[in-house]
Amino acid sequence: NLSLKLEKAFQTLKGQGQITEINVASTVKEIRKALIDADVNFKVAKEVTDDIKEKALGQNVLTSISPGQLLIKITNDELTDLMGGVSEDINIQGNPAIILIAGLQGSGKTTFSGKLASYLKRQGRSVLLVACDIYRPAAIDQLKVLGQQVGVEVFAQPENKDAVKIAKAALEHAKTINSKIIIVDTAGRLAVDEEMMDEIARLKEALNPSETLFVVDSMTGQDAVNTAKAFNDRLNFNGVVLTKLDGDSRGGAALSIRRVVEKPIKFISTGEKMEALDRFYPDRMASRILGMGDVVSLVERAQQAYDEDEAKRLSKKIRKNQFDFNDFLQQLEQIKKMGNMKDLLGMIPGMGKAMKGIDIDDNSFKPIEAIIRSMTMEERQNPDIINGGRKNRIAKGSGRTIQEVNNLLKQFADMRKLMKTMNKMGGGKRALSALN
Ligand code: GDP
Ligand code: MG
């Protein structure tokens, strides 16, 4: 069977396979296990891997990597997206801007308050720390020590037992010393209870902060999600701070929390020292959660090398007027993967301009593909030999009309003519790169 042979030859030419249920089954299990090991909620881990597998089925695989390896890379990208894609900064608005810190006792609020003060001070801002933990005198001292360490004033009223009043007094004080930001450290309890929630909710209402951050210990695993939900239901906070990531935790809480409360994680805390604070980067956390960074970078390198080789090969062929239907078909495969015609045009050296005005929209892929696939290798490489008889055969084989075959041949010839003109115009390479 000729078309089967051609299909096979084409596969070898492309050097590609595809992701199927079968060739990634064991990887899917491995990925799910990695997520659960990283403390991602079991249900979330299952949903995420099912979604990703569904999306990945049928995707083309480069020869230099396995379908499983590609799936790991796809998962990594998907986790990045699920955690917001990009890093989000805190909201600083108002004069002074108010940042309210909430969370359970021991989660790392006071430590984070000191770190955040230092972080903002390093950005050249004037900050005031406010001690609103009215239950433990030691908490005030702790904040004072941290304030001293980072060179930021700490406002406290140890005799005052009303957190709202302390915060309001701090606000006045900030204005007199011309502080632009106040960070309000609050009291937490060991578990969610009404009294704590009432107090923090009253503080939020009275202060109307531009940013309310929920601090959570990443080591608490599944509990972290429940706590986050309880706080968010009551406070509708703006962002999450994930602490103690210097421990064994792989950070799965980040994914679960993001999915459950749909609020961005903004900072991660990685130690007791004041410098141990980082902005949250979804891509870094994704690799950490998945714990398969080597595979991810292997695939990235393979994809990059493939793209570079392809681009080189294509621009060489265009320069030599050898761009043929096989190249064209391969480019169509690329667009289908990217799902966007415009992106493709930009990718082929010199092609952006060459194809302007040639009408190929995304829906015309299928007929075009069918027609090209019905050509012999020889015809694809040298379309000039396609005479009436051959057109007839191609039309029959692809289930398209002669008219459509003619149109494609005409468009392709026009495109090649343009490429040729461009080559002549500027001596090849220079003109091509200028057009891109
Ligand atoms: P708070 O009760 O929420 O104010 O929590 P603290 O800030 O007092 O922190 C509780 C304990 O956790 C303290 O011993 C901190 O030194 C420690 N801690 C806070 N953040 C981190 C962190 O990122 N990593 C580690 N290893 N310890 C932390
Ligand atoms: Mg504290």
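Not measured: the values here are computed from a predicted model. (Residues numbered from 1 in each chain as written. Chains lettered and ligands numbered in written order. Predicted model: local features only at pLDDT ≥ 70, side-chain atom pairs only at ≥ 80, totals over all residues.)

## Points about the domain arrangement of the protein chain
- Domain boundaries in the protein chain define domain 1 (15–85), domain 2 (97–280) and domain 3 (320–435).
- The partner domain 2 presents 15 residues to the eleven residues of domain 1 that form the contact.
- Counting residues per element, the ones that place at least two in the side of domain 1 that touches domain 2 are α2 (21–37) and α4 (67–82).
- Among the residues making up the side of domain 1 that touches domain 2, the classes are represented as seven nonpolar, two polar and two charged. (Domains from an automatic or database assignment. Contact = placed C-beta atoms within 7 Å. Helix = DSSP H or I, 4+ residues; strand = E, 2+ residues; numbered from the N terminus. Nonpolar A, V, L, I, M, F, W, Y, C, P; charged D, E, K, R; others polar.)

## Section: the UniProt feature "domain: SRP54-type proteins GTP-binding" (unreviewed entry) in the protein chain
- In the numbering used here, UniProt assigns the "domain: SRP54-type proteins GTP-binding" (unreviewed entry) feature to residues 264–277.
- The distance from the first to the last C-alpha atom of residues 264–277 is 16 Å, and the span holds 0% helix and 43% strand. (UniProt positions renumbered as here; feature names shortened; annotations may be inferred.)

## Here's the deal with the pairing of strand β9 (residues 265–269)
- Counting buried positions along β9 yields five of five residues, so the element is predominantly enclosed.
- Across three bridges, strand β8 (residues 239–243) lies against β9 in parallel orientation. What sits directly across from L242, in β9, is I268.
- Handedness of the crossover joining β8 and β9 through helix α10 (residues 252–261) is recorded here as right-handed. (Buried ≥ 20, exposed ≤ 12 C-beta atoms within 10 Å, placed from the backbone. Pairing = 2+ DSSP bridges. Right-handed = clockwise from strand over helix to strand, strands pointing away.)

## Observations regarding the sheet that holds strand β7 (residues 211–217)
- Reading across from one edge, β5-β4-β6-β3-β7-β8-β9-β10 is the order of the eight strands in this open sheet, with mixed pairing throughout. At either margin of the open sheet sits one strand with a lone partner, and together these are β5 (153–155) and β10 (277–279). Direction aside, neighbouring strands of the sheet carry axes that sit 25° apart on average.
- Against the sheet, helix α6 (residues 137–150) touches β4 (127–132), β5 and β6 (181–186), its axis set at about 165° to β4. (Axes fitted to C-alpha atoms, helices over the stretch in contact; angles between N-to-C directions.)

## Some thoughts on the packing of α4 against helix α11 (residues 282–290)
- Two elements in contact, α4 and α11, have axes whose closest approach is 8 Å; the angle formed by their N-to-C orientations is 130°. Classified by the angle between their axes, α4 and α11 sit oblique to one another. Here α4 runs over α11; the crossing is right-handed. Note on element contacts: α11 touches α4 through P282, D283, A286, S287, I289 and L290, opposite T75, N76, L79 and T80. (Parallel < 35°, antiparallel > 145°, perpendicular 65-115°, else oblique. Left-handed = near helix turned anticlockwise from the far one by under 90°.)

## Describing the site of ligand 1
- Close contacts around ligand 1 come from 17 residues, with G108, K109, T110, T111 and S269 the closest.
- Looking at the shell around ligand 1 element by element, the count peaks at three residues for helix α5 (residues 109–122).
- Grouping the amino acids of the shell around ligand 1 by side-chain chemistry returns one nonpolar, twelve polar and four charged. (Near = placed C-beta within 6 Å.)

## Quick notes on the environment of E211
- Residue placement: E211 occurs in strand β7.
- For the pair E211 and L100, spaced 111 residues apart in sequence, the C-alpha separation works out to 6.3 Å.
- Excluding anything up to four places from it in sequence, E211 contacts I90, N91, I92, I99, N238 and G239.

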